[in-house]
Amino acid sequence: MIKHQHLTGRTDPLRRAVLRGMAALGITAVAIASLAGSASAGALLDRIKNGGPIRIGFSTDTAWSFKGENNEMLGIGNVLVMELLKKLGATKFEPVDMEWGSLIPAMQGGRIDVITSAMFVLPQRCRNVLFTDPFGTVYGGLVVPKGNPKEVHSLPDIRDKGLTFVTGAGYADVKRAQDTGIPDDKIMQVAGYVEIAQAVKSGRADAGGGEYLGIKGAIRNDDSLELANPFKPNYKPGYPAFAFPQGEQDTVDAINAVLKDYVGSDEMMSLVSKYGYDKSLLPDGSKTADLCKS
């Protein structure tokens, strides 16, 4: 979730003088911002080609993005983006681990260069970052207490039974739940997959939702929880892609050029299969431009 700061109506004398000077010259704040953006556009691709360092932003997820014991970056998104960047010349990578809801604001603030956490391409996100082509087609999963005592198999089940649903703050499942008609006071938002599992285990929520591999990984060693089976999604799949800052279309184009021949290759599958990624998760041909509109 992106929060906007509210400005007060107070303006100090120096700022007023600067604004008057800009007005006299016919320069607007928008023009200044545009010029600044143009000056920085393309800088990231140059840095990649020159060896880095590249700041990789992600939220801990046992399948898609996490850090190992020696601070190495692991998970599908992390290892895949590093391999793609290496093919373009990058040699140095800096992990920046944070909560999911902070990723896009951190990118807008210039603190990270790429987001690797299986972020789905959604219209509202396309207004804030640039997405590469998808590197997967992913349905969600629903975690419930062992035995599924309330017989929950879909978001409509949660709505119709008046149950509490938990998912991650900023996850696609928030809007999916709202679109299904689950009241906002029945939608709990937490930091990530570990917290989703904990909320269901403690009884604070009746079921939890999120991306399939993330949910599966979060309950892997917990015998008190399980995935709803069958799970009946009432929505289209999600399309994870790498996110880059606005103004870095040349970087996105370069990644897409490499990704085109790499996705689904034996080289890629050998790299990501250990995290549960298989050919059923490969992109289905949907285009980012279309996903940004739909």
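Residues numbered from 1 in each chain as written. Predicted model: local features only at pLDDT ≥ 70, side-chain atom pairs only at ≥ 80, totals over all residues. Heavy atoms only, no water.

Asker: Can you explain the state of the cysteines? Please cite residues and give values.
Answerer: Inspection of the entire model under this criterion finds one disulfide. Each sulfur of the disulfide joining C126 and C292 lies 2.0 Å from the other. Across the S-S bond of C126 and C292 the torsion is about -75°, and the bridge reads as left-handed. With a gap of 166 residues between them, C126 in helix α6 (residues 123–126) and C292 in the segment after α13 (288–291) connect regions that are remote in the sequence. (Disulfide = S-S within 2.5 Å. Helix = DSSP H or I, 4+ residues; strand = E, 2+ residues; numbered from the N terminus.)

Asker: I'd love a proper account of helix α4 (residues 76–88), names of residues and values included.
Answerer: With 13 residues, α4 should reach 18 Å at 1.5 Å per residue; the first-to-last C-alpha distance of 19 Å fits that figure. Burial analysis of α4 places ten of its 13 residues in the buried class, which makes it a mostly covered element. Positive backbone phi, at 120°, marks G89, one or two positions downstream of α4. (Expected span 1.5 Å × (residues − 1). Buried < 20%, exposed > 50% of the residue type's maximum accessible area, 1.4 Å probe, protein only.)

Asker: Please give an account of the pattern of salt bridges that cites residues and values.
Answerer: Within this structure, the stated rule accounts for nine salt bridges. A salt bridge links D113 to R55, with the shortest nitrogen-to-oxygen separation between them at 2.8 Å. Residue D113 is found in the loop between α5 (103–108) and β5 (114–120), and its partner R55 is found in strand β1 (residues 54–58); the two are separated by 58 residues along the sequence. Taking the relative accessible area as the measure of exposure, D113 reaches 3% and is therefore buried. (Salt bridge = Lys/Arg side-chain N within 4 Å of Asp/Glu carboxyl O.)

Asker: Explain the sheet that holds strand β11 (residues 225–227) to me, using residue names and the numbers behind them.
Answerer: Taken in spatial order, the five strands line up as β9-β8-β10-β7-β11 in an open sheet, and their pairing is mixed. Two strands lie at the open edges of the sheet, namely β9 (187–190) and β11, each paired on one side alone. Here the strands of the sheet are splayed against their neighbours by 30° on average, with no regard to which way each runs. Sheet topology places strand β8 (residues 165–168) next to β9; four bridges connect them, and they run parallel. Directly across from V166, in β9, lies its bridge partner M188. Sitting on the sheet, helix α8 (residues 172–180) is in contact with β8, β9 and β10 (207–211), with an inclination near 145° to β8. In the packing of helix α9 (residues 193–202) onto the sheet, contacts are made with β7 (140–145), β8, β9, β10 and β11, and the angle to β10 comes to roughly 160°. (Pairing = 2+ DSSP bridges. Axes fitted to C-alpha atoms, helices over the stretch in contact; angles between N-to-C directions. Contact = heavy atoms within 4.5 Å.)

The values reported here are purely geometric and, on their own, carry no functional implication.
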